[in-house]
2 protein chains.
Amino acid sequence: MSAGSANGKIDHLGIAVKSIAEARKFYEALGLSVEATETVEAERVRAAMVPLGDSRIELLEATDEASVIAKFISKRGEGLHHVAIAVPDIEAAVAEMKRKGVRLVQDRVQRGAGGHLYVFVHPSSAGGVLVELVQSA
Amino acid sequence: MSAGSANGKIDHLGIAVKSIAEARKFYEALGLSVEATETVEAERVRAAMVPLGDSRIELLEATDEASVIAKFISKRGEGLHHVAIAVPDIEAAVAEMKRKGVRLVQDRVQRGAGGHLYVFVHPSSAGGVLVELVQSA
């Protein structure tokens, strides 16, 4: 629907896994391509992308014990870490969320390595799901 | 990417919530439309849809204590219940998954009320996520 496309889409799902080599087998069995992994040093995470329609799944593996992904898995086990929703105007979204009392993890919008903008919404305000809002560069 | 569209897409995310009335506020603050709720008697669930690009989020609320959603929330709290991936040929996907040793929740493909086909993949084979494969009617 045009309204859906205009207002947002699921940018990606971040799934915390112990091993990308193990987790990719399931997606490959579905005939999906698992793209070359990249390492995000700042977050101590290795990520592999699985394109899915206008979205993608990111398989996230910790590169060391101090990684947020390693801590997540030791506490909750493997599984969904966050849902990223692309929005056209993240500053407007943040202003509206603050007005409505939605709890954010950061007080203001952050800029990622590739120039995209992002902010995390606290799970307590989003049905128990860690939601990342993103706006492409 | 055309390959992504041809091979699959994220059909929907099912999120277990205590109250749709409460959970919808966040999506509405993002300017997203939350469509009228429907009740699935067989599953003792009320669902509200949030269209997002070529996918959607389903907010799932239990209608009584025996609902799988009520049990999920009492055990794990609110949060992502399942990820549904649309595939073009679910029987071929099941055959390939069995060949590769992927563990399924049901032994064979099920038919839903609307005529669509579905099968659940066990979280132990899919990075800790309950994955539903669907093929539209």
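Values in this document were obtained by computation on a predicted structure and should not be read as measured data. Residue positions are given per chain, counting from 1 as you read along its sequence in written order. Starting at A for chains and at 1 for ligands, labels are handed out in the order in which the entities are written. Confidence filtering applies because this is a predicted model: local features only for residues at pLDDT of at least 70, side-chain atom pairs given and counted only at 80 or more, and all residues used for totals across whole chains, interfaces and linings. Derived side-chain values reflect all non-hydrogen atoms in the structure, with water molecules and hydrogen atoms excluded from consideration.

As a further point, take the sheet that holds strand β3 (residues 45–52) of chain A. Residue and element names in this part refer to chain A. An order of β2-β3-β4-β1-β5-β8-β7-β6 is seen for the eight strands of this open sheet, with the pairing classed as mixed. Two strands bound the open sheet, and with one partner strand each, they are β2 (35–40) and β6 (110–111). With eight bridges connecting them, β3 and strand β4 (residues 55–62) associate as antiparallel partners. Within the sheet, the bridge partner assigned to Val-45 lies in β4 and is Ala-62. The criterion used for residue contact is that any of the two residues' heavy atoms lie within 4.5 Å. Interaxial angle, 0 to 180 degrees, is taken between N-to-C directions of lines fitted to C-alpha atoms, where a helix line uses only the stretch in contact. By the criteria applied, helices consist of DSSP H or I runs no shorter than four residues and strands consist of E runs no shorter than two, each listed in order from the N terminus. The strands that helix α3 (residues 68–76) touches are β1 (9–16), β3, β4 and β5 (79–86); relative to β5, the one it contacts most, it runs at about 130 degrees. Here, any two strands with at least 2 DSSP bridges between them count as paired.

This next bit is on the relation of the copies chain A and chain B. The copies were overlaid by least squares, fitting only the C-alpha atoms of residues that reach a pLDDT of 70 or more in each copy. Superposition of chain A onto chain B requires a rotation of 180 degrees combined with a translation of 0.0 Å along the rotation axis, giving an RMSD of 0.0 Å. Both chain copies can therefore be described as sitting about a two-fold axis. For chain A, the minimum C-alpha distance to the rotation axis belongs to Asp-54 of chain A and amounts to 3.3 Å. An overlap of 100% is found between the interface residues of chain A and their copies at the interface of chain B, pointing to a shared contact surface.

This next bit is on the nonpolar core. Among the buried residues, those of types Ala, Val, Leu, Ile, Met, Phe, Trp, Tyr and Cys that are joined through side-chain atoms within 4.5 Å form a nonpolar core. Three labels apply to residues, based on accessible area from a 1.4 Å probe with only protein chains included: buried if under 20% of the type maximum, exposed if over 50%, partly exposed otherwise in between. Membership of the largest hydrophobic core comes to 70 residues, with the highest contact counts inside it found for Leu-133 of chain A together with Leu-133 of chain B. The residues touching Leu-133 of chain A, leaving out its near neighbours within four places in the chain, are Ile-85, Val-87, Ile-90, Ala-93, Met-97, Leu-117, Tyr-118, Val-119 and Val-121 of chain A together with Leu-30 of chain B.

Residues and elements named next belong to chain B. The set of residues buried in helix α3 (residues 68–76) consists of Ile-69, Ala-70, Phe-72 and Ile-73. Take α3 and look down its axis: the buried residues cluster within an arc of 160 degrees, on one side only. Exposed positions of α3 whose direction lies more than 90 degrees from the buried face are Lys-71, Ser-74 and Lys-75. Among the structural elements, β1 (9–16), β3 (45–52), β4 (55–62) and β5 (79–86) are those in contact with the buried residues of α3. We define a polar contact as two N or O atoms separated by no more than 3.5 Å, with the added condition that, inside protein, one atom must be a possible hydrogen donor and the other a possible acceptor, whereas residues neighbouring each other in sequence contribute only through side-chain atom pairs. Of the residues that open α3, the one with a side-chain oxygen 3.0 Å from the backbone nitrogen of Ile-69 is Ser-67. Arc definition: it is the arc formed by the directions from the helix axis to the C-beta atoms.

Before going further, it helps to examine the pattern of salt bridges. Salt bridges are defined by distance alone: a side-chain nitrogen of Lys or Arg within 4 Å of a carboxyl oxygen of Asp or Glu. Under the criterion given, the structure shown has 18 salt bridges over all chains. Arg-56 of chain A serves as the salt-bridge partner of Asp-11 of chain A, at 3.6 Å between the closest nitrogen and oxygen. A residue pair is termed long-range when its members are at least 10 positions apart, and Asp-11 of chain A in strand β1 and Arg-56 of chain A in strand β4 qualify at 45 residues. The exposure class assigned to Asp-11 of chain A is buried, which follows from its relative accessible area of 16%. In this structure, Arg-56 of chain B engages Glu-58 of chain B in a salt bridge whose closest nitrogen and oxygen atoms are separated by 2.7 Å. The class of Arg-56 of chain B is partly exposed, set by a relative accessible area of 25%.

What follows concerns the pairing of β4 of chain B. All names here are of chain B. Within β4, six of the eight residues are buried, leaving the element largely enclosed by the surrounding structure. For β1 and β4, the ladder comprises four bridges, and the chain directions are parallel. Its bridge partner lying in β4, Ala-16 is registered against Leu-60. The loop that links β3 with its antiparallel partner β4 comprises two residues; one of these, Gly-53, has a positive phi angle of about 60 degrees.

A few words now on the packing of aromatic side chains. All names here are of chain B. Any Phe, Tyr or Trp ring, taking Trp's six-membered ring, that has another such ring centre within 6.5 Å forms a pair; planes under 30 degrees apart are called stacked, those over 60 apart edge-to-face, and the others tilted. Using the criterion set out here, one finds four aromatic pairs over all chains in the structure. For the ring pair Phe-26 and Tyr-27, a centre distance of 4.9 Å and an interplane angle of 65 degrees mean the geometry is edge-to-face. By relative accessible area, Tyr-27 is classed as buried at 2%.

Interface size is often expressed as the accessible area that is lost when the parts come together. Listed by partner, the interface residues are 40 residues for chain A and 42 residues for chain B. Of all residues in chain A, Ile-10, Phe-26 and Leu-30 of chain A give up the largest surface area on contact with chain B, accounting jointly for 18% of the area buried on that side. Where chain A touches chain B, the interface holds five residue pairs in polar contact (both at pLDDT 80 or more). Counting only elements with at least two residues in the side of chain A that touches chain B, the list comes to α1 (2–7), β1, α2 (20–29), β4, β5, α4 (90–100) and β8 (131–135) of chain A. Ranked by residue count, the leading element in the side of chain A that touches chain B is β1 of chain A, at five residues. Of the residues contributing to the side of chain A that touches chain B, the split by class is 23 nonpolar, 11 polar and six charged. Throughout, the accessible surface (probe 1.4 Å) given up by two parts as they are put together, summed over both, is called the buried area. We call Asp, Glu, Lys and Arg charged. Ala, Val, Leu, Ile, Met, Phe, Trp, Tyr, Cys and Pro are nonpolar, and the rest, Gly among them, are polar.

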